[in-house]
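Chain and residue survey
Okay, here's what each chain looks like letter by letter:
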Amino acid sequence: MVVILVGTFMVFLWWFATGHAMKDAQLNRADGSYSIAVVLGAKVNGTTPSLALRYRLESALSYAESHPDVTLVLSGGQGEDEGISEAQAMVNFLSAQGFPESRMIVEDRSTSTYENLVNTKKLIPQGVTGITLITSDYHLARAGYLAEKAGYEWDGIPAKTPKVVEAKVRFRERLALLKTWVVGK
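Residues numbered from 1 in each chain as written. Predicted model: local features only at pLDDT ≥ 70, side-chain atom pairs only at ≥ 80, totals over all residues. Heavy atoms only, no water.

**Structural notes on the pattern of salt bridges**
- Summed over all chains, the structure comprises 6 salt bridges.
- For D81, the salt bridge goes to K43, with nearest N and O atoms at 2.7 Å. Of this pair, D81 sits in the loop between β4 (71–75) and α3 (86–96) while K43 sits in the loop between β1 (36–40) and β2 (44–45), and the two are 38 residues apart along the sequence.
- Residue E173 pairs with R142 through a salt bridge whose shortest N-O separation is 2.8 Å. One end of the pair, E173, is in helix α6 (residues 166–183); the other, R142, is in helix α5 (residues 140–149), with 31 residues separating them in the sequence.
- Overall, the relative accessible area of 4% leaves E173 in the buried class.
- Residues joined by salt bridges that share partners form a network here, namely D137, K163, E166 and R170. (Salt bridge = Lys/Arg side-chain N within 4 Å of Asp/Glu carboxyl O. Helix = DSSP H or I, 4+ residues; strand = E, 2+ residues; numbered from the N terminus. Buried < 20%, exposed > 50% of the residue type's maximum accessible area, 1.4 Å probe, protein only.)

**Some points on the sheet that holds strand β5 (residues 104–107)**
- As summarised here, the arrangement of the 5 strands in space is β5-β4-β1-β6-β7, forming an open sheet in which the pairing is parallel. A single partner strand is all that each edge strand has here, and the edge strands are β5 and β7 (153–159). Going from strand to strand, the sheet's axes swing by 25° on average, the running direction of each strand aside.
- The pairing of β1 with strand β6 (residues 130–136) spans 3 bridges and is parallel. Within β6, the residue paired with A37 across the bridge is T132.
- Packed on one face of the sheet, α5 meets β1, β6 and β7 and runs near 155° to β6. (Pairing = 2+ DSSP bridges. Axes fitted to C-alpha atoms, helices over the stretch in contact; angles between N-to-C directions. Contact = heavy atoms within 4.5 Å.)

**Here's the deal with the packing of aromatic side chains**
- Following the criterion strictly, the structure yields 4 aromatic pairs and no others.
- Both rings, one in F12 and one in F16, keep their centres 6.4 Å apart while their planes meet at 20°; by these two values the pair is stacked. In this pair, F12 and F16 are both assigned in helix α1 (residues 2–25), 4 residues apart and thus about one turn of the helix distant.
- Looking at F16, the relative accessible area reads 52%, which means it is exposed.
- Centre to centre, the rings of W15 and F171 are 6.2 Å apart; their planes meet at 40°, and the pair counts as tilted. (Phe/Tyr/Trp six-rings, centres within 6.5 Å; stacked < 30°, edge-to-face > 60°.)

Take a look at the structure:
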């Protein structure tokens, strides 16, 4: 009985802590203070951004249009089932919207959020200590934690999550957040 109670308490604690972190991270809203905004990649279907990636790109476009001094780092490699890299899909989408390539930096090697941030550091001007993260709302807490591990201060723009996958990705993100807190990446 004690084992069941302790187990139940641990599950409740995990659920509460990760939910609180996910909600709290969305309050750290970007205001244009940082000149670099990193758009974190998501699934590409062939050469077309998934709905989740499109929502991130729409948020990035809106933010960058409101803050003309911001440069977007488009960060994401190519998975085995993707026709092009996530970064290239982002370039294509933003270019089709008339967004200037002179305000884009392409990081197309990363395969994880941590790699997105480490690889970005190699491409942006030295001395940049703060970045804006543009990613799905549920992902912002883990991305922010990893940004801090990579040496950045951060704020964020949370993009909406597609309703069709919301329950699945939020549950999976709670597991990933716990793993990140424990392992560090």
